[in-house]
Amino acid sequence: MAKFSSPEAAEEAFYGAFEAGDPEAMRAVWQGTPDCVCIHPGGERLQGIELVMDSWDDILASMEDTVIRRSGLTVLGGSDLVTHVLHEHLYMGGELRGVILATNAYRFNGLSWHMVLHHASPDPTTRSRWNRRSVH
C-alpha cells in the first residue's frame, strides 16, 4: 500500500492518477474501507471501496489527452481528517471542457494519509462552458 506523508501528497497522487488514467495508482490513493464515498457530477452516492473503484475504472479508461488544473484551494481540517475544497479545470485536447467544484477529504490512519471522500459537481458560475460529455 502506498504511503502519503500529508493530505497534499495524497491529493497530488489522486490528480496524477486521474490525469494518467491509472486505476492502480488511483486505488493506492483511496483508503480501502467501507465508509469511503465518491459522488461524480450528476451521479449517485457511491460508498465502499469496490463501488468507488468500479466508477473510477470506467472514468479512467477515457482519460487520454486530459489535463486537470486546480485552483481556489481551501483547506479545512484537524489532526487526522483534512478536507480540500477546490476547482478542477478539465481540459481535453487542449480545450477547456468544464469547471468542477470538488471536495476531497483525507484521513490519517496512523501511518499514511488516504482519500476517503471525493464529491464533484459542475461549477454553476461556468455552466455555459460545461460540456456534458466531460470525463468526470
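Participant: Would you take a moment to explain the overall build of the protein for this structure?
Facilitator: From N to C terminus, the protein includes 3 helices and 6 strands. Sequence-ordered secondary structure for the protein, helices as α and strands as β, is α-α-β-β-α-β-β-β-β. Taking all 136 residues of the protein together, 46% fall into the buried category. Across the protein, the fraction of contacts at a sequence separation of at least 24, relative to all contacts at a separation of at least 6, is 49%. On the protein, the mean spot of the 11 positive side-chain charges and the mean spot of the 18 negative ones are 6 Å from each other.

Participant: How do you make sense of the sheet that holds strand E1 (residues 37–39) when you look at a structure like this?
Facilitator: Strand pairing within a sheet occurs via backbone hydrogen bonds; the two strands may be parallel or antiparallel. Taking strand neighbours across the sheet as the criterion, the 6 strands line up as E2-E1-E6-E5-E4-E3 in an open arrangement whose pairing is mixed. Each edge of the open sheet carries a strand with a single partner, namely strand E2 (46–47) and strand E3 (66–77). Bridge count between strand E4 (residues 81–92) and strand E5 (residues 95–108): 12 bridges; the pairing is antiparallel. The residue bridging Leu86 from the neighbouring strand is Ala102, located in E5. Seen against the sheet, helix H1 (residues 7–20) touches E3, E4, E5 and strand E6 (113–122) and runs at an angle of roughly 155° to E3.

Participant: Explanation requested: H1 in the structure shown.
Facilitator: Given 3.6 residues per turn, any residue in an α-helix points the same way as the ones three and four places further on. The first and last C-alpha atoms of H1 sit 20 Å apart over 14 residues, in line with the 20 Å expected at 1.5 Å per residue. Along H1, the residues that are buried comprise Pro7, Ala10, Glu11, Phe14, Tyr15, Ala17 and Phe18. Within H1, the buried residues cover an arc of 160° as seen down the axis, which keeps them to one side. Lining the buried residues of H1 we find helix H2 (23–29), helix H3 (49–60), E3, E4, E5 and E6. Within two residues after H1, Gly21 carries a phi angle of roughly 65°, on the positive side.

Basis of the calculations
- Residues numbered from 1 in each chain as written.
- Predicted model: local features only at pLDDT ≥ 70, side-chain atom pairs only at ≥ 80, totals over all residues.
- Heavy atoms only, no water.
- Helix = DSSP H or I, 4+ residues; strand = E, 2+ residues; numbered from the N terminus.
- Buried < 20%, exposed > 50% of the residue type's maximum accessible area, 1.4 Å probe, protein only.
- Contact = heavy atoms within 4.5 Å.
- Lys, Arg positive; Asp, Glu negative; His and termini not counted.
- Charge placed at Lys NZ, Arg CZ, Asp CG, Glu CD.
- Pairing = 2+ DSSP bridges.
- Axes fitted to C-alpha atoms, helices over the stretch in contact; angles between N-to-C directions.
- Expected span 1.5 Å × (residues − 1).
- Arc of directions from axis to C-beta.

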